[in-house]
Amino acid sequence: WGLSHHQFYQQNNNQTAAGYFYNDAFFVIALTQPIKSKQVVNPQRPLMHGMPFTINETPAYLFPYPSFTTIEFERQGIRYILLANIHPQSLIDMASGIILAVD
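The model shown is predicted, which means the values in this text are computed figures rather than measured ones.

1. Concerning the sheet that holds strand S5 (residues 58-64)
(1) Moving on: Strand order across the open sheet formed by seven strands is S1-S2-S3-S7-S6-S5-S4, with antiparallel pairing between neighbours. Both outer strands of the open sheet, strand S1 (5-10) and strand S4 (51-55), are each paired with one neighbouring strand and no more. Looking at each pair of strands side by side, their axes are set apart by 20 degrees on average, direction ignored.
(2) Moving on: Direction of pairing for S1 relative to strand S2 (residues 17-22): antiparallel, over a ladder of six bridges. Bridge pairing in S2 links Phe-8 to Gly-19.
(3) Moving on: Contacts between helix H1 (residues 88-102) and the sheet are confined to strand S3 (27-34), S4, S5, strand S6 (69-75) and strand S7 (78-84), with S6 contributing the most and set at about 15 degrees to the helix.

Dropping the structure here:
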């Protein structure tokens, strides 16, 4: 997709951050935040209504909209949110790469 530009924003800990990757036509925004033990989201009740599926045995939710797609998943105590206007399969591939890198 040629996302040649990027910006990163990180909070005081290494689990809360945002990344913005873009070019003239496409963008991907990646957000991370720690999950407190009492805050674990029940996979049967996501924050928004999305299509449940699995990525590398990790429960995830896909939110396809006309102009962009969002994927949400949790891995090792961190919630990941990816929002992009690239093809949904490419976003799923990016999420898969994140999951493999985290393991």
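Now that the structure is up, let's keep going.
2. Overview of unusual backbone geometry
(1) Moving on: Residue Asn-56 is not a glycine yet carries a positive backbone phi of 50 degrees.
(2) Moving on: Inspection of the secondary structure puts Asn-56 in the loop between S4 and S5.
(3) Moving on: The exposure class assigned to Asn-56 is partly exposed, which follows from its relative accessible area of 36%.
(4) Moving on: Of note, the phi angle at Gln-76 is positive, near 50 degrees, even though the residue is not glycine.
(5) Moving on: Mapping Gln-76 onto the fold places it in the loop between S6 and S7.
(6) Moving on: Accessibility expressed as a relative area gives 55% for Gln-76, which makes it exposed.

Calculation notes
Residues numbered from 1 in each chain as written. Predicted model: local features only at pLDDT ≥ 70, side-chain atom pairs only at ≥ 80, totals over all residues. Heavy atoms only, no water. Pairing = 2+ DSSP bridges. Helix = DSSP H or I, 4+ residues; strand = E, 2+ residues; numbered from the N terminus. Axes fitted to C-alpha atoms, helices over the stretch in contact; angles between N-to-C directions. Contact = heavy atoms within 4.5 Å. Buried < 20%, exposed > 50% of the residue type's maximum accessible area, 1.4 Å probe, protein only.

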